[in-house]
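# Geometric and topological summary
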Amino acid sequence: MPRIRCHYIDCVFLDDGYCGAAAVEIDPDLGCQTYSRADDLDVDSEWDEDTEDDLEEWDDLEEDEDEDLWLDEDEF
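Conventions we followed
- Residues numbered from 1 in each chain as written.
- Predicted model: local features only at pLDDT ≥ 70, side-chain atom pairs only at ≥ 80, totals over all residues.
- Heavy atoms only, no water.
- Helix = DSSP H or I, 4+ residues; strand = E, 2+ residues; numbered from the N terminus.
- Buried < 20%, exposed > 50% of the residue type's maximum accessible area, 1.4 Å probe, protein only.
- Contact = heavy atoms within 4.5 Å.
- Salt bridge = Lys/Arg side-chain N within 4 Å of Asp/Glu carboxyl O.
- Phe/Tyr/Trp six-rings, centres within 6.5 Å; stacked < 30°, edge-to-face > 60°.
- Lys NZ or Arg CZ within 6 Å of the ring centre and 35° of its normal.
- Polar contact = N/O pair within 3.5 Å; in protein donor to acceptor, adjacent residues only side chain to side chain.

## Thoughts on the overall build of the protein
- If you tally the helices and strands in the protein, you get one helix and four strands.
- Residue burial in the protein is summarised as follows: out of 76 residues, 7% are buried.
- Counting contacts in the protein only where the partners sit at least 6 residues apart, residues at least 24 apart contribute 29% of the total.

## What to know about the pattern of salt bridges
- Scanning the entire structure with this criterion turns up one salt bridge.
- D10 is the partner of R37 in a salt bridge, and the nearest nitrogen-oxygen pair spans 3.5 Å. In this pair, R37 is assigned in the loop between β4 (31-32) and α1 (49-69) and D10 in the segment before β1 (14-15), connecting sequence segments 27 residues apart.
- Assessed through its relative accessible area of 35%, R37 is described here as partly exposed.

## Let's talk about the packing of aromatic side chains
- Applying the stated criterion to the full structure yields one aromatic pair.
- Between the aromatic rings of Y8 and Y35, the centroid separation amounts to 3.9 Å while the plane-to-plane angle is 20 degrees, which identifies the pairing as stacked. Here Y8, found in the segment before β1, pairs with Y35, found in the loop between β4 and α1; they are 27 residues apart in sequence, far enough to count as distant.
- For Y35, a relative accessible area of 24% puts it in the partly exposed group.
- A cation sits over an aromatic face here: R3 above Y18, 3.8 Å from the ring centre.

## Details of unusual backbone geometry
- A positive phi is found at D16, a non-glycine position, where the angle reads about 55 degrees.
- Taking the relative accessible area as the measure of exposure, D16 reaches 73% and is therefore exposed.

## Digging into the side chain of T34
- Position of T34 relative to the elements: it lies in the loop between β4 and α1.
- Only 2.8 Å separates the side chain of T34 from the backbone nitrogen of E25, close enough to count as a polar contact.
- Apart from the residues lying within four places of it in its own chain, the contact partners of T34 are F13, A21, A23, V24 and E25.

Here it is as structure tokens:
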């Protein structure tokens, strides 16, 4: 499968410098017709409270686990 080198830096299909789109349309005068800016994505930025609470609980668990991994100086 041929890979297409992409010079856009903000395309949603950009994958390690190459186009990751399943199909690409190139116009000789206008350039890549498949190009879509990453800023143009319609992303829902609202968090529901349950998700936020779950993330806080996860952070608390990680902190507790990290404390158990380290020995105090008097425990050598």
